[in-house]
Amino acid sequence: MRDKSEWRTIFLIVICYAIWIGAVIGLAEVSTLVTVILLVPTITLHSSLQHECLHGHPFRSQLLNDAIVSIPLGLFIPYLRFKDSHLKHHLNSRICDPYDDPESWYLAQPFWQRLPVFFKLMLQLNNTLIGRLVLGPAIALVRLIVSDCQAIFAGHTSVRNAWITHIVLAVPVLCVVTWWSPLHLSYYLVCCYGGLSLLMIRTYLEHQAEESVRARSVIIEDCGIFSLLFLNNNLHAVHHAYPAVAWHKLPELYSSNRKRFLAMNKGYRFDNYWQIIRLFALRQKEPVIYPSKPGHLK
């Protein structure tokens, strides 16, 4: 381990897999509804743990960190592709740029102008929180598959190998669900979509197009269930300033330097996720088009 405090991450990884096995094999015998309700946040937590591991936790060996979270409980997104795109995202000068940031939800003006009206309406709806929960996972998956197919056809072997690895590792997950679990595969796929949808609450407004790079990442001062589920990544400006700091150290780091972080990100903050839900459930948080001169978005 990197240090003794990393037992927290190891403990959560063990608990996450234990809950998944218990729900899929045991609880599914009792109640399909309760199983689905439990699996959705479990798959979301696994995604958060993948994020923690790709940043170098809990072990010194990155190979070991990758290995312990590579099993795709959520089925849809290859861990190695997530790792590659997320580390590129952390090149701070590229945050939000639709050409350079692989995690940007913005679109460039020329691309937007070529879209049919129907797709424009879908993307505008996707910029409301409810729209992001319903449409966001599908849009993200389509974008990933299209871009990765283009990369594979262009000869990018790393992308091809990431998908091959993902498919191989998905086989045991599918075997458990189809052979040993009373839960029908269709319900499990719903859980996978729901887990990705729940994750969209975190990613919904964690970045904004702003002139200052440091002001592009949000602070959400939540300390409830969402904070645990997202492993304190609600303190996103802190994470971008110190990406190697473990999830359980972020709250203390923020509280000790609150004024500095809020000055750094120009006060881009919210009290909690419930405030975000109230504000943006049915209202667009910002335009889909990336501004030609980034500034504070209304």
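Going by the structure above, here's the rest.
Description of the overall build of the protein chain
- From N to C terminus, the protein chain includes 14 helices and 2 strands.
- Relative to its length of 298 residues, the protein chain is compact, with a C-alpha radius of gyration of 19 Å against a globular reference of 19 Å.
- Referenced to the eigenvectors of the C-alpha coordinate spread, the extents of the protein chain come out at roughly 55 × 50 × 40 Å.
- Sequence separation of 24 or more characterises 69% of the internal contacts of the protein chain that already satisfy a separation of 6 or more.
- Here the protein chain has roughly 14700 Å² of accessible surface; of this, 67% comes from carbon and sulfur atoms.

Remarks on the environment of Ser181
- Among the secondary structure elements, Ser181 is positioned in the loop between α8 (157–180) and α9 (185–203).
- Relative accessible area serves as the criterion here: at 11%, Ser181 is assigned to the buried category.
- When the C-alpha positions of Ser181 and Val238 are compared, they lie 41 Å apart, and in sequence the two are 57 residues distant.
- In this view, Ser181 contacts Val24, Ala28 and Val176; residues no more than four positions away in its chain are not counted.
- Here the side chain of Ser181 touches Val24 through a polar contact of 2.5 Å, landing on its backbone oxygen.

Comments concerning helix α2 (residues 32–54)
- Here α2 spans 33 Å end to end across 23 residues, near enough to the 33 Å set by a 1.5 Å rise per residue.
- Looking at where α2 begins, the residue whose side-chain oxygen comes 3.5 Å from the main-chain nitrogen of Leu33 is Ser31.
- Positive backbone phi, at 100 degrees, marks Gly56, one or two positions downstream of α2.

Here is what the cut-offs are and how they apply
- Residues numbered from 1 in each chain as written.
- Predicted model: local features only at pLDDT ≥ 70, side-chain atom pairs only at ≥ 80, totals over all residues.
- Heavy atoms only, no water.
- Helix = DSSP H or I, 4+ residues; strand = E, 2+ residues; numbered from the N terminus.
- Rg over C-alpha atoms; globule rule 2.2 N^0.38 Å.
- Contact = heavy atoms within 4.5 Å.
- Areas by Shrake-Rupley, 256 points an atom, 1.4 Å probe, with all protein chains shown as cover.
- Buried < 20%, exposed > 50% of the residue type's maximum accessible area, 1.4 Å probe, protein only.
- Polar contact = N/O pair within 3.5 Å; in protein donor to acceptor, adjacent residues only side chain to side chain.
- Expected span 1.5 Å × (residues − 1).

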